[in-house]
Amino acid sequence: MDIRPLTSDYAVSPQIEPADILAIREAGFTTIICNRPDIEVPPALQSDALRRAAEAEGLVFKDLPVTHQSLTPEIIADQRRILDASSGPVLAYCASGTRSSIVWSLGQAGDLTTDEIIEATARAGYDLAGLRPQLDHLAKG
């Protein structure tokens, strides 16, 4: 498991497995967001299997699959609402952590500066400098 914090309240990860859930809880996370569509993974890694494992450990599990086609303002707002409503740190995962980083970044535009967003994701190993124009545009709006 490769958890990469973007802030003290939000981290991203590549695909997790049910066996990882205990360690996620022990790391202090209270909510898990699945940004990976079930079509990309075998049944043992699909959201229902991970939801059961997460809820058995007392964690909140939210399924919010993201693809290039489904990355809409509504998805960004939903992810932000989940983060804001969480009682503690949130771990979001997808195939590599990139989509979870992108959704977070777009949801932070206007609250954090574009430089802060790009630096946070870069520290976690995600080069999202190409989002600068979009982040700047969202921050104005």
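Report follows, based on the coordinates. All values reported here derive from a predicted model rather than from experimental measurement.

## Notes on the environment of aspartate 136
Along the chain, aspartate 136 turns up in helix H6 (residues 132-140). Overall, the relative accessible area of 31% leaves aspartate 136 in the partly exposed class. Considered as a pair, aspartate 136 and aspartate 115 are 21 residues apart in the sequence and their alpha carbons are 9.6 Å apart.

## Topic: empty space enclosed by the protein
Taken as a whole and assessed by the stated rule, the structure comprises 1 cavity of 30 Å³ or more. If you add up the space inside the largest cavity, you get close to 40 Å³. Lining the largest cavity are Tyr10, Gln79, Arg80, Leu83, Val103, Trp104, Gly107 and Gln108. A per-element tally of the lining of the largest cavity places helix H4 (residues 98-108) first, with 4 residues. Taken together, the residues of the lining of the largest cavity sort by class into 4 nonpolar, 3 polar and 1 charged.

## Some words on the pairing of strand E5 (residues 90-93)
Alternating residues of E5 divide into Val90 and Ala92 and Leu91 and Tyr93, and every residue in both groups is buried. In the sheet, strand E2 (residues 10-13) pairs with E5 via 4 bridges, with the strands oriented parallel. In the sheet register, alanine 11 faces E5, and the bridge partner there is leucine 91. Relative to E5, strand E3 (residues 31-34) runs parallel, the two sharing 4 bridges. The residue bridging isoleucine 32 from the neighbouring strand is leucine 91, located in E5.

## With respect to the packing of aromatic side chains
For the structure on display, the rule yields 1 aromatic pair. Residues tyrosine 10 and tryptophan 104 carry aromatic rings whose centres are separated by 6.0 Å and whose planes lie at 15° to one another, so their mutual orientation is stacked. You can see tyrosine 10 sitting in strand E2 and its partner tryptophan 104 sitting in helix H4, a full 94 residues away along the chain. Here the two residues tyrosine 10 and tryptophan 104 agree in accessibility, since each one is buried.

## Re helix H5 (residues 114-123)
Along H5, the residues classified as buried are Thr114, Ile117, Ile118, Ala120 and Thr121. Angularly, the buried residues of H5 cover 160° about the axis, an arc narrow enough to put them on a single face. Here the buried face of H5 lies against H4 and H6. Glycine 125 occupies a position one or two residues after H5 and carries a positive phi of about 95°.

## Brief notes about the nonpolar core
If you look at the biggest cluster of nonpolar residues, it comprises 25 residues, and the most contacted ones within it are Leu6, Tyr10, Ile33, Trp104 and Leu135. Elements supplying a minimum of two residues to this core: E2, helix H3 (73-85), E5, H4 and H5. Beyond its immediate sequence surroundings of up to four residues, leucine 6 is in contact with Ala11, Val12, Ser101, Trp104, Ala120, Thr121, Arg123 and Ala124. By size, the runner-up hydrophobic cluster in this structure holds 14 residues, among which are Cys34, Ala54, Phe61 and Leu91.

So, how was this worked out
- Residues numbered from 1 in each chain as written.
- Predicted model: local features only at pLDDT ≥ 70, side-chain atom pairs only at ≥ 80, totals over all residues.
- Heavy atoms only, no water.
- Helix = DSSP H or I, 4+ residues; strand = E, 2+ residues; numbered from the N terminus.
- Buried < 20%, exposed > 50% of the residue type's maximum accessible area, 1.4 Å probe, protein only.
- 1 Å grid on protein atoms, 1.4 Å probe; cavity = no way out; pocket = protein on both sides within 12 Å on 5 of 7 lines; lining within 4 Å.
- Points joined across faces, edges and corners; volume = space filled by probe spheres on them.
- Nonpolar A, V, L, I, M, F, W, Y, C, P; charged D, E, K, R; others polar.
- Pairing = 2+ DSSP bridges.
- Phe/Tyr/Trp six-rings, centres within 6.5 Å; stacked < 30°, edge-to-face > 60°.
- Arc of directions from axis to C-beta.
- Contact = heavy atoms within 4.5 Å.
- Core = buried A, V, L, I, M, F, W, Y, C linked by side-chain atoms within 4.5 Å.

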